[in-house]
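# A look at the structure
Below, each chain spelled out in residue letters.
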Amino acid sequence: MKINVRVSNKQDTKYAYIICNKIQESAKIRGTGIAKKDPEYIKLKMILGNAVIAFCNDKLAGFGYLDVFQKQEFVVNSGLIVFPEYRKQGLAKIIKLEIFNLSKTKFPHSKIFSITTNNYVIKINTELGFKPVSFSEITKSEKFWKGCESCSNFDILTRNKRKMCLCTGMLYNPLKKRKKNELFDGDRIVLAYSGGLDTSYCLKFLIQKGYEVHTVIINTGGFKKSELKNIEILALKIGSKSHKSIDAIEEYYQNCIKYLIFGNILKNNTYPLSVSSERIFQAIKIAKYARDMKAKAIAHGSTGAGNDQIRFDIAFQIICPETITLSPIRDFKVSRKEEIEYLKTFGISIGIGWDKAKYSINKGIWGTSIGGKETLTSLEDLPNEAYPKQLKRTKSENLALDFEKGELVGVNGERAKAIKNIIKIEKIASEFAIGRGIHIGDTILGIKGRVGFEASAAIIIIQAHHLLEKHILTKWQLYWKDQLSNWYGMLLHEAQYLDPVMRNIETFLSSTQERLTGQVKVVLYPYRFNLVGIKSKFDLMTSNMAQYGEMNYAWTKEDITGFTKILSNQMKMYHNLKEENNND
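All values reported here derive from a predicted model rather than from experimental measurement.

Here is what the cut-offs are and how they apply
Residues numbered from 1 in each chain as written. Predicted model: local features only at pLDDT ≥ 70, side-chain atom pairs only at ≥ 80, totals over all residues. Heavy atoms only, no water. Helix = DSSP H or I, 4+ residues; strand = E, 2+ residues; numbered from the N terminus. Rg over C-alpha atoms; globule rule 2.2 N^0.38 Å. Buried < 20%, exposed > 50% of the residue type's maximum accessible area, 1.4 Å probe, protein only. Contact = heavy atoms within 4.5 Å. Areas by Shrake-Rupley, 256 points an atom, 1.4 Å probe, with all protein chains shown as cover. Lys, Arg positive; Asp, Glu negative; His and termini not counted. Charge placed at Lys NZ, Arg CZ, Asp CG, Glu CD. Pairing = 2+ DSSP bridges. Axes fitted to C-alpha atoms, helices over the stretch in contact; angles between N-to-C directions. Expected span 1.5 Å × (residues − 1). Disulfide = S-S within 2.5 Å. Polar contact = N/O pair within 3.5 Å; in protein donor to acceptor, adjacent residues only side chain to side chain. Salt bridge = Lys/Arg side-chain N within 4 Å of Asp/Glu carboxyl O. Patch = residues over 30% accessible without salt bridge, like charges linked within 9 Å, V, L, I, M, F, W, Y side chains within 5 Å.

### Describing the overall build of the chain
- Scanning the chain from N- to C-terminus turns up 20 helices and 23 strands.
- Scaling as 2.2 N^0.38, a compact globule of 584 residues should have a C-alpha radius of gyration of about 25 Å, whereas the chain reaches 33 Å, well beyond that.
- Taken along the three principal axes of its C-alpha coordinates, the chain extends 115 × 65 × 45 Å.
- For the chain, with 584 residues in total, the buried portion stands at 50%.
- When contacts within the chain are restricted to residue pairs at least 6 apart in sequence, long-range pairs at least 24 apart make up 70% of them.
- Accessible surface, the chain as shown: approximately 30,500 Å² in total, 53% of it carbon and sulfur.
- Each charge sign in the chain was given a centre, from 87 positive and 60 negative side chains, and these centres are 7 Å apart.

Here's what the structure looks like:
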């Protein structure tokens, strides 16, 4: 259904009689409400642009208008009508929002009021910031109250000397002193925007609420220039006041990915922390941007059941604690199906299409995460088409990775910065559909979470780096690296990146990479890869002391006899005491 709700004009006056008749019919059915409207009065509202008119599939479907009293001290939103055949489509709310925003735009300093018996309208008013008030707090204009004469309950109003009736009086006061965490219409909000379903819903929702929304996207390596441009176009088309793209790829690498490689970090030995590692950097950048924009609030599109909401919220609280945090999908428990229907109502479509929107896809330089109905189960696998990259190559290919002090400095003999090398590996390996998997783990909230991922470069680099370390580092270096790396990955996953202990662990990890220089050879196959071996001047296997299982040159058989005798002392004591006690 195509819905068009707009401010009325002179050309709409031809509908005045139809609208008046519909208002009268509706009041008669309800047994309450203002039953009669003068068509000439409605025409004047249309000509002055003080009314909102709605069409469904180009057919008249609804109406609402505003009126002004007491030298613009008060504005009333009245005459809301949705034709019966178009009800239960959310149209009343859209009309109400449009007339409310029109009232604020034309009369920004006026108090806006409404009186109604309709519970649905009362709910909408409450969401917009209206407060229930006694009739004494709204206009005293005789012209307004005279309009109630056609209501079947007018005698109740007069008997109570206009102090009360069946209607509920509601007032929106733009001049009311706001509370610390209270937002008013027109307040500036910065929205973390990716161009996907969730954030597109948030953008339209916040605009409809009357806020001034500015969108920002932090590119941590998941977008091409053309994609970023399309995201900007979509944001502005939906109604964003401005859009900003911020490049954070190099910063993300230097402050995080580098340490994920140094630590060989795979969550639960499976997942390379593709999304959880980048979210904190996106959140930090967004918070700083919101601070520069002097935004009253920051919004994100996280749900109430995932980890990202925690990562965003914590970063915002630390970096800009005075800024309000909003998350419409979480706050109102909106499902993906409801998001899609809401955007369709406004004729909004997103670039990937509604079918693809069934999957939540988050791209970054360190990998892509994929969520869908299958990952909500413990049994189902993601279908092949859910993965962004598809198998293109079936013939095996050799790959050589060069490391210097733990950092990836070259691929196949060509030197480049680490970021370019990661992109190069991803481009090659993704054509083999390498790096796919489904991770099941513990969320920050304490529930189990399941997510699909595609991270060919991350998986290959981490495992190649780990192989190099096993040749170069000592047994106890490897042991303690494993312990601290596990903590680093867990704390990063659980939104603790800004804790100073993370800097301490990074210092330790960096110190272990002093000798981590060499080349790792890899062979790529469809859906898998094989680590062939390494070459390094620091390879402990090249020592002239001995060759495992073959020959030693640094000790004698007598040395081994003494060594094993000393090594076994404690076990001997334990077992000897055990035998003595058994004999007793």
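Structure's up, so let's keep going.
### Some thoughts on the sheet that holds strand 11 (residues 297-299)
- Reading across from one edge, 10-9-8-11-12 is the order of the five strands in this open sheet, with parallel pairing throughout. Unpaired on one side and paired on the other, strand 10 (242-247) and strand 12 (324-326) mark the two borders of the sheet. Within this sheet the neighbouring strands show an average axis-to-axis angle of 25 degrees, counted without direction.
- Pairing of strand 9 (residues 212-219) with strand 10, which is carried by six bridges, proceeds in the parallel orientation. The residue of strand 10 that forms the bridge with Asn219 is Asp247.

### Regarding the sheet that holds strand 20 (residues 518-525)
- The strand order across the open sheet built from five strands is 17-16-15-20-21, with neighbouring strands paired in antiparallel fashion. Taken across any chain shown, the strands that pair with only one partner, and hence form the sheet edges, are strand 17 (414-415) and strand 21 (528-535).
- As paired strands, strand 20 and strand 21 are joined by seven bridges and run antiparallel to one another. Paired with Tyr525 across the two strands is Arg528, which belongs to strand 21.
- Each of strand 15 (397-404), strand 16 (407-411), strand 17 and strand 20 touches helix 15 (residues 418-429); the most contacted strand, strand 16, lies at about 55 degrees to it.

### A few points about the side chain of Thr220
- In this fold, Thr220 is placed in the loop between strand 9 and helix 8 (225-238).
- Residue classification places Thr220 among the buried positions, given a relative accessible area of 1%.

### Considerations on helix 7 (residues 197-208)
- Over its twelve residues, helix 7 runs 17 Å from end to end, which matches the ideal 16 Å to within 8%, given 1.5 Å per residue.
- For helix 7, the buried fraction is high: twelve of the twelve residues fall into the buried class.
- Residues of helix 7 that are buried include every one of Leu197, Asp198, Thr199, Ser200, Tyr201, Cys202, Leu203, Lys204, Phe205, Leu206, Ile207 and Gln208, and no others.
- Looking at the residues trailing helix 7, positive phi occurs at Gly210, about 100 degrees.

### Remarks on the state of the cysteines
- Overall, the coordinates contain zero disulfides when judged by the stated rule.
- Left without a disulfide partner, Cys167 is nearest to the cysteine sulfur of Cys165, which lies 5.6 Å away.
- We note that Cys320 lacks a disulfide partner, and the nearest cysteine sulfur, in Cys202, lies 17 Å from it.

### Description of unusual backbone geometry
- Phi is positive for Lys405, close to 50 degrees, though the residue is something other than glycine.
- Locating Lys405 in the fold gives a position in the loop between strand 15 and strand 16.
- In this model, Tyr527 sits at a positive phi of 70 degrees, which is unusual for a non-glycine residue.
- Considering the arrangement of structural elements, one finds Tyr527 in the loop between strand 20 and strand 21.
- Since its relative accessible area comes to 48%, Tyr527 is described here as partly exposed.

### Focus: the environment of Leu399
- For Leu399, the position within the fold is in strand 15.
- A relative accessible area of 2% places Leu399 in the buried class.
- Separated by 30 residues in sequence, Leu399 and Ala429 place their C-alpha atoms 9.4 Å apart.
- Once residues lying within four places of it in the same chain are set aside, the contact partners of Leu399 are Val411, Asn412, Ile425, Ile428, Val520, Lys521, Val522 and Leu524.

### Some thoughts on the side chain of Thr375
- Inspection of the secondary structure puts Thr375 in the loop between strand 14 (367-371) and strand 15.
- A relative accessible area of 7% places Thr375 in the buried class.
- A polar atom in the side chain of Thr375 sits 2.8 Å from the backbone oxygen of Gly372.
- Residue contacts for Thr375: discarding those within four places in its chain leaves Ile370, Leu382, Arg450, Val451 and Gly452.

### Some words on the pattern of salt bridges
- Inspection of the entire model under this criterion finds 28 salt bridges.
- Among the ionic pairs, Glu232 bridges to Lys229, the shortest N-O distance being 3.7 Å. Of this pair, Glu232 and Lys229 are both found in helix 8, three residues apart, which corresponds to roughly one turn of the helix.
- Exposure remark for Glu232: the relative accessible area of 24% places this residue in the partly exposed category.
- Using a relative accessible area of 45% as the deciding quantity, one classes Lys229 as partly exposed.
- With a closest N to O distance of 2.9 Å, Arg330 and Asp313 form a salt bridge. With Arg330 in helix 12 (residues 328-332) and Asp313 in helix 11 (residues 308-319), the pair connects residues that are 17 residues apart, well separated along the chain.
- What makes Asp313 buried here is its relative accessible area of 15%.

### Here's the deal with the pairing of strand 13 (residues 360-364)
- Note: strand 13 against strand 14, five bridges, orientation antiparallel. Bridging across to strand 14, Ser360 finds its partner in Gly371.
- Connecting strand 13 to the antiparallel partner strand 14 that follows it, the hairpin turn spans two residues.

### Considering a nonpolar patch on the surface
- A cluster of nonpolar residues, Trp476, Tyr479 and Trp480, forms a patch on the protein surface that exposes about 390 Å² of accessible area.
- Relative to the elements of secondary structure, Trp480 occurs in helix 17 (residues 475-493).
- The exposure class assigned to Trp480 is partly exposed, which follows from its relative accessible area of 48%.

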